[in-house]
Amino acid sequence: MPELNTFLANKLQQRQQENALRRLTHNSQLIDFTSNDYLGLAHSEKLFQQIHEKVSTLPHLNGATGSRLLSGNSGYTEQVEQKLAKIFKAEAALIFNSGYAANQAVLSCIPQKGDTIIYDELAHACIRDGARLSFANHFSFRHNDLEDLEKKMKQASGRIFIAVESYYSMDGDICPLKELVSLTDQYQAHVIIDEAHSTGVIGREGSGLSVSQNLQDKLDVRIYTFGKAMGCHGACVAGSKTLIDFLINFARPFIFTTAMPLHSIAAIDCSFDYLRQNTELQHVLQQKKELFVSLGKKQNLRLMNSSTQIQGVILPGNEQVKALSMHLRTRGYDIRPILSPTVPKGSERLRICLHTYNSDQEITSLVNDLASKA
Ligand SMILES: Cc1ncc(COP(=O)(O)O)c(C=O)c1O
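For every chain, the first residue of its written sequence is number 1, and the numbers climb from 1 along that sequence. At least 70 in pLDDT is required for a residue's local features to be given in this predicted model, at least 80 for side-chain atom pairs to be given and counted, and no such filter applies to totals for whole chains, interfaces and linings, which use all residues. In computing side-chain properties, one takes all heavy atoms of the structure into account and sets aside hydrogens as well as water.

Brief notes about the overall build of the protein chain
- A count of helices and strands for the protein chain gives 14 helices and 12 strands.
- Both definitions apply: the radius of gyration is a C-alpha atom measure, and the globule rule equals 2.2 Å times residues to the power 0.38. In terms of overall size, the protein chain behaves like a compact globule, its C-alpha atoms giving a radius of gyration of 21 Å where 374 residues would be expected to give roughly 21 Å.
- The dimensions of the protein chain, computed from C-alpha atoms along their principal axes, are 55 × 55 × 55 Å.
- Each residue's exposure class comes from its accessible area (1.4 Å probe, protein chains only) as a fraction of the maximum for that residue type: buried when under 20%, exposed when over 50%, partly exposed otherwise. The 374 residues of the protein chain split such that 52% are buried.
- Any two residues whose heavy atoms approach within 4.5 Å are treated as being in contact. Partitioning the contacts of the protein chain with sequence separation of at least 6, the portion at a separation of at least 24 is 71%.
- The Shrake-Rupley method, run with a 1.4 Å probe sphere, supplies the accessible areas, and residue values consider only the shown protein chains as cover. Surface summary for the protein chain: the accessible area is close to 18,200 Å², and the carbon and sulfur share equals 51%.
- Across the protein chain, the centroid of the 39 positively charged side chains sits 3 Å from that of the 38 negatively charged ones. Counting from the N terminus, the helices are the DSSP runs of H or I reaching at least four residues and the strands are the DSSP runs of E reaching at least two. Just so you know, the count uses Lys and Arg for positive and Asp and Glu for negative, and it drops His and the chain ends. In plain terms, the charge of a residue is placed at NZ if it is Lys, CZ if Arg, CG if Asp and CD if Glu.

Below, the structure is given as structure tokens:
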């Protein structure tokens, strides 16, 4: 035990020396430019009440009692899955306990030995972790670079799987989906898309990027998460009925875990109803993003090339970006630094998430503060 503790402590010290030590903090009373609650649903008192009312109509169970394949399934969960399949224009949908689990499941169990997974170099950790768990070969292509992807597809063997995100979580830029699909079609490659940061914020009823571009039938596997703009928790995979049956049989993060409790299912159900009743939210978010970008450009901030609610101001060096984030805290803003190695050295940044509830005044003051320091 002392030997292990010494080893662990040394590793932590190394992190600290690199200025990259992670620490838990409490949610602050600061102005939120950090959370993924883009549409304010997690904070909505009205939605909270609607979920509460819905839960009281369901069987009074505190937990799901087992895996979906044992005692944890319910008619209500299946009903919500059918509703999600309709929203995402898919034959079927399957709920997972988190986006992490859904991505890990898809990547680890669908591509087989001898197949190839090629993922965008900025793909989320759960996509990479899933690929590492798979028996398929796996490597990355340069971010959003279709020429590089084509080069990599030419080197691939077996079935080819391309894993991308709709909105990239660190850079906030968008996958060139139409062009991607026309390229992957030529190589009969299968596209897996993670819509974590576009679920809710775009598309009718929050249906995301691929449905908004009517490309859903060109994509083999789509993953939607509910812990971000939908303000609750969990995720689903949408696709063909055969895909869903396959996942029920082979996806270990689905099979070997306790199912989501009914109150979490109700939260997903109600949050999509809430969004349908409050369609202006997507538009308000768009306006907030446009205000931030136009003010940032006027002030010559080094903005990331993003047209989504996830914005970034580049400030190279872990020390510098951490210091600016601390300074902004003293000014009342909650804005987190994104450090290397999470992003490549030299592209350390402040990640600024816009929300429907950020006032124009707050956005203007933030940009002014950034301009005086960045
Ligand atoms: C792109 C992307 N995919 C998946 C996830 C994981 O989703 P969840 O938080 O539901 O596990 C995240 C979370 O940060 C993400 O950014």
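Resuming the write-up.
A short note on helix H1 (residues 2-17)
- Working rule for helices: expected span equals 1.5 Å times residues minus one. Its 16 residues place the ends of H1 22 Å apart at the C-alpha level, agreeing with the 22 Å of an ideal helix rising 1.5 Å per residue.
- Phi turns positive one or two residues past the end of H1, at asparagine 19, with a value near 60°.

Things to note about the side chain of serine 325
- Residue placement: serine 325 occurs in helix H13 (residues 318-330).
- We classify serine 325 as buried; its relative accessible area is 4%.
- Setting aside residues up to four positions removed in sequence, serine 325 forms contacts with Ile335, Arg336, Pro337 and Leu350.

Describing the nonpolar core
- Only buried Ala, Val, Leu, Ile, Met, Phe, Trp, Tyr and Cys residues count toward a nonpolar core, and they belong to the same one when joined by side-chain atoms within 4.5 Å. Core analysis: the biggest nonpolar cluster contains 80 residues, and Leu84, Ile162, Phe226, Phe292, Ile352 and Leu370 have the highest contact counts within it.
- Here this core takes 9 residues from helix H11 (residues 262-277), the largest share from any one element.
- Taken domain by domain, the makeup of this core includes at least three residues from each of domain 1 (26-44 + 279-373) and domain 2 (58-277).
- When sequence neighbours within four positions are dropped, the list of residues in contact with leucine 84 reads Ala93, Ile95, Phe226, Cys236, Ile268 and Phe272.
- With 29 residues, the next largest nonpolar core counts Phe96, Cys109, Phe161 and Ala251 among its residues. Where each domain starts and ends comes from a domain assignment, either automatic or drawn from a database.

Let's talk about the packing of aromatic side chains
- Each aromatic pair joins two rings of Phe, Tyr and Trp (for Trp, the six-membered one) with centres within 6.5 Å, and gets the label stacked for planes under 30 degrees apart, edge-to-face for over 60, and tilted for any other angle. The full count for this structure, using the stated rule, is 6 aromatic pairs.
- Measuring from ring centre to ring centre gives 3.6 Å for phenylalanine 88 and tyrosine 224, while their planes differ by 10°; the resulting arrangement is stacked. Of this pair, phenylalanine 88 sits in the loop between helix H3 (75-87) and strand E2 (92-96) while tyrosine 224 sits in strand E7 (residues 221-225); the two residues are 136 residues apart in sequence, bridging distant segments of the chain.
- Judged by relative accessible area, which is 0%, phenylalanine 88 ranks as buried.
- Note on phenylalanine 226 and phenylalanine 272: the rings are 5.6 Å apart at their centroids and 90° apart in plane angle, and the pair reads as edge-to-face. Separated by 46 residues along the polypeptide, phenylalanine 226 in the loop between E7 and strand E8 (235-239) and phenylalanine 272 in helix H11 bring together distant segments of the chain.

Thoughts on the packing of helix H6 (residues 146-154) against helix H7 (residues 177-186)
- Contact geometry of H6 with H7 gives a least axis separation of 11 Å together with a crossing angle of 15°. The pairing of H6 with H7 is recorded here as roughly parallel in orientation. Our pair here, H6 against H7, has a crossing hand that is right-handed. Two secondary-structure elements touch here, H6 through Leu146, Leu149, Glu150 and Met153 and H7 through Glu179, Leu180, Leu183, Thr184 and Gln186.
- Classification used: nonpolar for Ala, Val, Leu, Ile, Met, Phe, Trp, Tyr, Cys and Pro, charged for Asp, Glu, Lys and Arg, polar for all others including Gly. Residue composition of the contact of H6 with H7, grouped by class: 5 nonpolar, 2 polar and 2 charged. To get an axis, a line is fitted to the C-alpha atoms, and for a helix only the part in contact is used. The angle between two axes follows their N-to-C directions and goes from 0 to 180 degrees. Each angle gets one of four labels, with under 35 degrees taken as roughly parallel, over 145 as roughly antiparallel, 65 to 115 as roughly perpendicular, and the rest as oblique. Handedness of a helix crossing follows the sense of rotation of the near helix relative to the far helix, less than a right angle counterclockwise being left-handed and clockwise being right-handed.

Side note on the sheet that holds strand E12 (residues 349-353)
- Strand pairing is assigned whenever DSSP identifies at least 2 bridges connecting the two strands. Strand order in the open sheet formed by 3 strands is E9-E12-E11, and the pairing between neighbours is antiparallel. Two strands lie at the open edges of the sheet, namely strand E9 (310-314) and strand E11 (336-338), each paired on one side alone. Taken over all neighbouring pairs, the strand axes of this sheet differ in orientation by 40° on average, direction set aside.
- Here E9 runs beside E12; their pairing, made up of 5 bridges, is antiparallel. When the sheet's bridge partners are listed, isoleucine 310 is paired in E12 with cysteine 353.
- Relative to E11, H13 is tilted by about 170°, and along the sheet it contacts E11 and E12.

Looking at the site of the ligand
- Close to the ligand lie Ser98, Gly99, Tyr100, Asn103, His124, Cys126, Glu165, Ser169, Asp194, Ala196, His197 and Lys228.
- Surface burial for the ligand is 81%, taken as the share of its 390 Å² of free accessible area covered by protein chains.
- The element best represented in the shell around the ligand is helix H4 (residues 99-109), accounting for 3 residues.
- Residues that form the shell around the ligand fall into these classes: 3 nonpolar, 6 polar and 3 charged. We call a residue near a molecule or strand whenever a single non-hydrogen atom of that residue lies within 4 Å of it.

What about the domain arrangement of the protein chain?
- Examined at the domain level, the protein chain breaks down into domain 1 (26-44 + 279-373) and domain 2 (58-277).
- At the junction of the two partners, domain 1 supplies 23 residues and domain 2 supplies 23 residues.
- Throughout, buried area stands for the accessible area (probe radius 1.4 Å) lost by two parts on being put together, summed over both. For the pair domain 1 and domain 2, the summed buried surface comes to about 1,800 Å²; carbon and sulfur atoms form 59% of the total.
- Any Lys or Arg side-chain nitrogen located within 4 Å of an Asp or Glu carboxyl oxygen qualifies as a salt bridge. Run the count over domain 1 and domain 2 and you get 1 salt bridge.
- With a shortest N-O distance of 2.5 Å, arginine 349 and aspartate 171 are connected by a salt bridge.
- As used in this structure description, the phrase polar contact means that two N or O atoms lie within 3.5 Å; if the pair is within protein, one of them must be able to donate a hydrogen and the other to accept it, and residues adjacent in sequence are counted only when both atoms belong to side chains. Summed over the shared surface of domain 1 and domain 2, the result is 12 residue pairs in polar contact (both at pLDDT 80 or more).
- If one sorts the elements of the side of domain 1 that touches domain 2 by residue count, helix H12 (residues 280-298) sits on top with 3 residues.
- Here the residues of the side of domain 1 that touches domain 2 sort into 10 nonpolar, 10 polar and 3 charged.

So, the pairing of strand E5 (residues 160-165)
- Counting buried positions along E5 gives 6 out of 6 residues, so the element sits mostly inside the fold.
- Burial along E5 is two-sided: the face carrying Ile160, Ile162 and Val164 and the face carrying Phe161, Ala163 and Glu165 are both buried.
- As judged from the 5 bridges shared by E5 and strand E6 (residues 190-194), these two strands associate in the parallel manner. Note on E6: the bridge partner recorded for valine 164 is isoleucine 193.

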